[in-house]
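Notes for the structure review
For reference, the chains in residue letters:
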Amino acid sequence: MSDLKNILICGAGMMGKNIAFVFTENPDYEITLYDINETDVAGGIRTNTKQLVEKGVFSAEEIEERLKRVSFTTDIDSDGVKNADLVIEAVFEDMNIKQETFAKLEARVRPDTILCTNSSVMSPSEISAKLAHRERFVGTHFWNPGHLIPLVEVIKSDASSDETAETVMEVLRSVGKKPVLCKKDVPGFIANRMQHALWREAIYIVEQGIADAATVDEAVRYSFGLRLPQLGPMENADMVGTDLTYNIHDYILKDLCDSHTPSPMLTELRDAGKLGFKSGEGFQKWTEEETKQSAAELNEYLIKMLYGV
């Protein structure tokens, strides 16, 4: 890892800009952000980090100093691309686009360059299937907002080497992230599998008339959701005892939703154009002001949790 210096972020959307900012945590790294379209990288990073500055986590001067280590290019044949030691792709979630992007990158970077894909659901094995050096490829799932959520899931494909996975985890630790290793390339990786198991049951509770959507969210926020950052489910199971956990599961699991298809209620909402924040109505109704407030409050909560301000 000591030889790694040049970091290439491929895709300058919201996630790409946030990931680039994350890597400025380590002053030894030089970051290049590549995109096919011109974009205001510095302006985007300033906007994304505005609340951090307002809360005093960083000064405006510190942000500007970190921005000096980020360069932007639309030229895939630039030195920033060709000299990359580690690449993180953050382009649109489309299999063909990702495969085409990596084919172009592999043709330009060195044979020992590590390649990573930032995808929340897509298989690293499938994305890398056509590459020549598949052993140096892993998934790196940054959670949104990427500059605040500490977790990054490092996912081994069916060909990833142990050395590649461990090197990527060391790099992520060096910029303050909390990497976890997903040993098998499965849909949803680790955290999304658990998240959507919860969402499935939450939607089912609303669908069955057990409680409304707002009540479901309150039940999570003010009970187990409150302790989850400190007490994970496996530690909790050991805390109460595997015998009690067994007895609870023996009683309740048969009554939980185990559907393998999206909820009929979710399907109806989608088909009716009730798409949540983006349309103003989903499981609940939302004004434009409320959607902006929700996003701002999430960031404020994360900053308070992480930085104590």
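The coordinates are above.
Worth saying up front: this structure is predicted, and the values here are computed from it rather than measured. (Residues numbered from 1 in each chain as written. Predicted model: local features only at pLDDT ≥ 70, side-chain atom pairs only at ≥ 80, totals over all residues. Heavy atoms only, no water.)

**Considerations on the pairing of strand E2 (residues 30-34)**
Counting buried residues along E2, 4 of its 5 residues qualify, which places the element largely inside the surrounding structure. A crossover connection joins strand E1 (residues 6-10) to the parallel E2 through helix H1 (residues 14-23); in handedness this β-α-β unit is right-handed. Of the strand pairs in this sheet, E2 and strand E3 (residues 70-73) are connected by 4 bridges, and their pairing is parallel. Note that in E3 the partner of threonine 32 across the bridge is serine 71. (Buried < 20%, exposed > 50% of the residue type's maximum accessible area, 1.4 Å probe, protein only. Helix = DSSP H or I, 4+ residues; strand = E, 2+ residues; numbered from the N terminus. Right-handed = clockwise from strand over helix to strand, strands pointing away. Pairing = 2+ DSSP bridges.)

**Observations concerning the sheet that holds strand E4 (residues 86-89)**
Strands sit in the order E3-E2-E1-E4-E5-E6-E7-E8 across an open sheet of 8 strands; the sheet is mixed. The outermost strands of the open sheet, each flanked by one partner alone, are E3 and strand E8 (178-182). Going across the sheet, the axis of each strand differs from the next one's by a mean of 25 degrees, ignoring polarity. Here 5 bridges tie strand E6 (residues 137-142) to strand E7 (residues 151-156), and the two strands are oriented antiparallel to one another. Within the sheet, the bridge partner assigned to phenylalanine 142 lies in E7 and is valine 152. (Axes fitted to C-alpha atoms, helices over the stretch in contact; angles between N-to-C directions.)

**Focus: a nonpolar patch on the surface**
Judged by side-chain polarity, Met239, Val240, Leu244, Ile248, Tyr251, Ile252, Leu253 and Leu256 come together as a nonpolar surface patch covering roughly 770 Å² of accessible area. For the nonpolar patch, the elements supplying multiple residues, two or more each, are helix H12 (233-240) and helix H13 (242-252). Per element, the largest residue contribution to the nonpolar patch is 4 residues, and it comes from H13. Of note, tyrosine 251 is situated in helix H13. Accessibility expressed as a relative area gives 68% for tyrosine 251, which makes it exposed. (Patch = residues over 30% accessible without salt bridge, like charges linked within 9 Å, V, L, I, M, F, W, Y side chains within 5 Å. Areas by Shrake-Rupley, 256 points an atom, 1.4 Å probe, with all protein chains shown as cover. Salt bridge = Lys/Arg side-chain N within 4 Å of Asp/Glu carboxyl O.)

**Observations regarding the side chain of glutamate 106**
Relative to the assigned elements, glutamate 106 resides in helix H6 (residues 95-106). Since its relative accessible area comes to 16%, glutamate 106 is described here as buried. In this structure the side chain of glutamate 106 is engaged in a polar contact, spanning 3.0 Å, whose partner is the backbone nitrogen of alanine 132. Within the structure, the side chain of glutamate 106 is placed 3.1 Å from the side chain of arginine 136, a separation counted as a polar contact. In contact with glutamate 106, other than residues within four places in its own chain, are Leu131, Ala132, His133 and Arg136. (Polar contact = N/O pair within 3.5 Å; in protein donor to acceptor, adjacent residues only side chain to side chain. Contact = heavy atoms within 4.5 Å.)

**Remarks on the environment of valine 109**
Position of valine 109 among the secondary structure elements: in the loop between H6 and strand E5 (114-117). Owing to a relative accessible area of 9%, valine 109 belongs among the buried residues under this scheme. Expressed as a C-alpha distance, the spacing of valine 109 and aspartate 85, which sit 24 residues apart in the sequence, is 8.2 Å. Not counting residues within four places of it along the chain, the set of residues in contact with valine 109 comprises Val81, Lys82, Val87, Leu115 and Arg136.

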